[in-house]
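Residue strings, one per chain:
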Amino acid sequence: MAVKEHSLDISAKLDMQEMKNAVIQAQKEIENRYDFKGITKDIDLNIGAKSITLVSASDNKIDAMLDIMISKMNKRGISINSLEEVKKEDSSGGNRKYTYKIIDSIEKNEAKRIQTEIKNLKLKVSAVNQGDTIRITGKNIDDLQIIMKHLRTLDLKAPLVFDNFK
């Protein structure tokens, strides 16, 4: 009887519909908050450019908006590592504008680091980079669970998603 190979895919996929829902919920909460009455308060999700832009009267207001946004993302199962601040700038009308990139893939350097970390565990598995995903295969399913547990402890920019665990 042949020994079964087990596999696991590691990616940084993001459910854009969930991100859209988080933005809508954050907009509703901010709209109803007393401390945002009568001031600019825009959250713009650009799915094509994979970015979120926050505009408000001050840095403090944007920080509050970001806190609300992050809490809505958490409730929808979206990692806070999915947002990376790109720039802060002045906007029209004396407002401030912050732009965040939505991270939904593992960058090459980070993919190499993940593969090195897996290799350093000295388990009998193979890790193959397949573009947006890293496929791990091995005969022992416990090895794959050890890898998942180890990778969760690392401070990586990409929000890791483990799927196709067989």
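First, a word on scope: everything that follows refers to the structure included in this document. (Residues numbered from 1 in each chain as written. Predicted model: local features only at pLDDT ≥ 70, side-chain atom pairs only at ≥ 80, totals over all residues. Heavy atoms only, no water.)

1. Overview of the side chain of Asp9
Then step 1. Structurally, Asp9 can be placed in strand β1 (residues 6-11).
Then step 2. Assessed through its relative accessible area of 5%, Asp9 is described here as buried.
Then step 3. One polar contact links Asp9 to Arg135, side chain to side chain, over a distance of 2.5 Å.
Then step 4. Residue contacts for Asp9: discarding those within four places in its chain leaves Thr133, Ile134, Arg135, Val161, Phe162, Asp163 and Asn164. (Helix = DSSP H or I, 4+ residues; strand = E, 2+ residues; numbered from the N terminus. Buried < 20%, exposed > 50% of the residue type's maximum accessible area, 1.4 Å probe, protein only. Polar contact = N/O pair within 3.5 Å; in protein donor to acceptor, adjacent residues only side chain to side chain. Contact = heavy atoms within 4.5 Å.)

2. Some remarks on the sheet that holds strand β5 (residues 96-102)
Then step 1. Spatial strand order, β2-β3-β5-β4: four strands in an open sheet with antiparallel pairing. The sheet is open, and its two borders are formed by β2 (41-46) and β4 (83-90), each paired with just one other strand. Direction aside, the axes of adjacent strands within the sheet are offset by 15 degrees on average.
Then step 2. Of the strands in this sheet, β2, β3 (51-56), β4 and β5 touch helix α2 (residues 59-75), which is tilted by about 140 degrees from β3. (Pairing = 2+ DSSP bridges. Axes fitted to C-alpha atoms, helices over the stretch in contact; angles between N-to-C directions.)

3. What about the pairing of β4?
Then step 1. Where β4 meets β5, seven bridges bridge the pair, whose relative direction is antiparallel. Bridging from a neighbouring strand, Asp90 pairs with Arg96 of β5.
Then step 2. The antiparallel pairing of β4 with β5 creates a hairpin that spans five residues between the two strands, and Gly93 there sits at a positive phi of about 70 degrees.

4. Notes on helix α1 (residues 16-32)
Then step 1. Taking 1.5 Å of rise per residue, the 17 residues of α1 would be expected to cover 24 Å, and the 25 Å separating its terminal C-alpha atoms lies within 8% of that figure.
Then step 2. Considered for burial, the residues of α1 that qualify are Met16, Met19, Ala22, Val23, Ala26 and Ile30. Projection of α1 onto a plane perpendicular to its axis shows the buried side chains occupying an angular sector of 110 degrees, all on one side. Across from the buried face of α1, at angles greater than 90 degrees, the exposed residues are Lys28 and Asn32.
Then step 3. Where α1 is buried, its residues contact β2, β3, α2, β4 and β5.
Then step 4. The backbone nitrogen of Gln17 lies 3.0 Å from a side-chain oxygen of the residue at the head of α1, namely Asp15. (Expected span 1.5 Å × (residues − 1). Arc of directions from axis to C-beta.)

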